[in-house]
Amino acid sequence: MKTINIAIDGPSGAGKSSISRAVAADLGFIHVDTGAMYRAVGLYAIRHDCLSPEKLAPVVEDIAIDLKFIGGAQRVLLDGEDVSDHIRTPEVSMAASVVSAIPEVRAHLLDLQKKMAAENNILMDGRDIGSVILPHADLKIFLTASAEERASRRYLELREKPDCPPYEEILKDIQQRDYNDTHREIAPLRQAEDAVLVDTSNMGFHEVVDHIKALIQEKLD
Ligand code: DC
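Residues numbered from 1 in each chain as written. Predicted model: local features only at pLDDT ≥ 70, side-chain atom pairs only at ≥ 80, totals over all residues. Heavy atoms only, no water.

Draft legend 1. Molecular detail of the nonpolar core. Ranked by size, the top nonpolar core spans 34 residues in total, and within it V41, L56, I63, I65, V76, V105 and L134 carry the most contacts. If you list the elements that add at least two residues to this core, you get α2 (34-47), β3 (65-70), β4 (73-78), α4 (90-99), α5 (103-119), β6 (122-126) and α6 (129-133). Looking at this core, the element that brings in the most residues is α2, giving eight residues. With residues near it in sequence (within four places) discarded, V105 still touches Y38, V41, L56, V60 and V99. Among the nonpolar cores identified, the runner-up in size contains 16 residues, and I6, A24, F29 and I141 belong to it. (Core = buried A, V, L, I, M, F, W, Y, C linked by side-chain atoms within 4.5 Å. Buried < 20%, exposed > 50% of the residue type's maximum accessible area, 1.4 Å probe, protein only. Helix = DSSP H or I, 4+ residues; strand = E, 2+ residues; numbered from the N terminus. Contact = heavy atoms within 4.5 Å.)

And the structure:
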């Protein structure tokens, strides 16, 4: 059976995961958040003190990353342990950014991602989905917003928390991650030639969800 594959790429903080989750739930697709897989590898590297290509590359094949879906929500397992609630810290974000530039890590996750797409109707989000993982996706979307807009959304999310960083620091962090993602040698973030650009700088959450659902519907009709 041919499965339906939708690729959503874009920079950090563009809302890829929350938007993909909502669209997938409405359409009955599985949502695969590939960033969570890199985060799980980052957590492994922190725990095992092997956050460098020299230390991580030789052991990468032994790291078991699995996804399971509970009520449609993705959980990520690291060596059998559900680490979904441990991978959202700034420390793990930085580790994920480091490990995602290691070719052996990308090769290890690529097989798993391709297999999931071959077996399920999925909406997969990440950085290289349209360009590398699913070059024949039924639809590719490049979801973005200006760095300032992404920083101010993040600031609004965090501002009630006691350790909320200043806006300028959030903006700097986003700019640094954009630089890392677009300048790494392997599978850098870029818009695939046949991807549809969706700039959400001036759009609300539901507007973006409806727009993407309409793009998918149009493609499948
Ligand atoms: O989307 P995120 O912030 O959860 O991603 C975590 C890190 O993994 C981020 O530095 C980008 C990287 N990543 C990647 O290189 N390729 C993907 N397909 C997904 C994420």
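That shown, we press on.
Draft legend 2. Structural view of the pattern of salt bridges. Taken as a whole and assessed by the stated rule, the structure comprises 16 salt bridges. The shortest N-O distance in the salt bridge between D33 and R88 comes to 3.3 Å. Here the residue D33 occupies a position in strand β2 (residues 30-33), and R88 occupies one in the loop between β5 (81-82) and α4, the gap between them amounting to 55 residues. Residue D33 is classed as buried on the basis of its relative accessible area, which comes to 8%. For R88, a relative accessible area of 48% corresponds to the partly exposed category. One salt bridge in this structure joins D85 and R75, with 3.4 Å as the shortest N-O distance. Highlighted residues: D85 in the loop between β5 and α4 and R75 in strand β4, separated in sequence by 10 residues. When its relative accessible area of 63% is taken as the criterion, D85 is described as exposed. Residue R75 is classed as partly exposed on the basis of its relative accessible area, which comes to 23%. Put simply, R75, D82 and D85 are held in one network by salt bridges that share partners. (Salt bridge = Lys/Arg side-chain N within 4 Å of Asp/Glu carboxyl O.)

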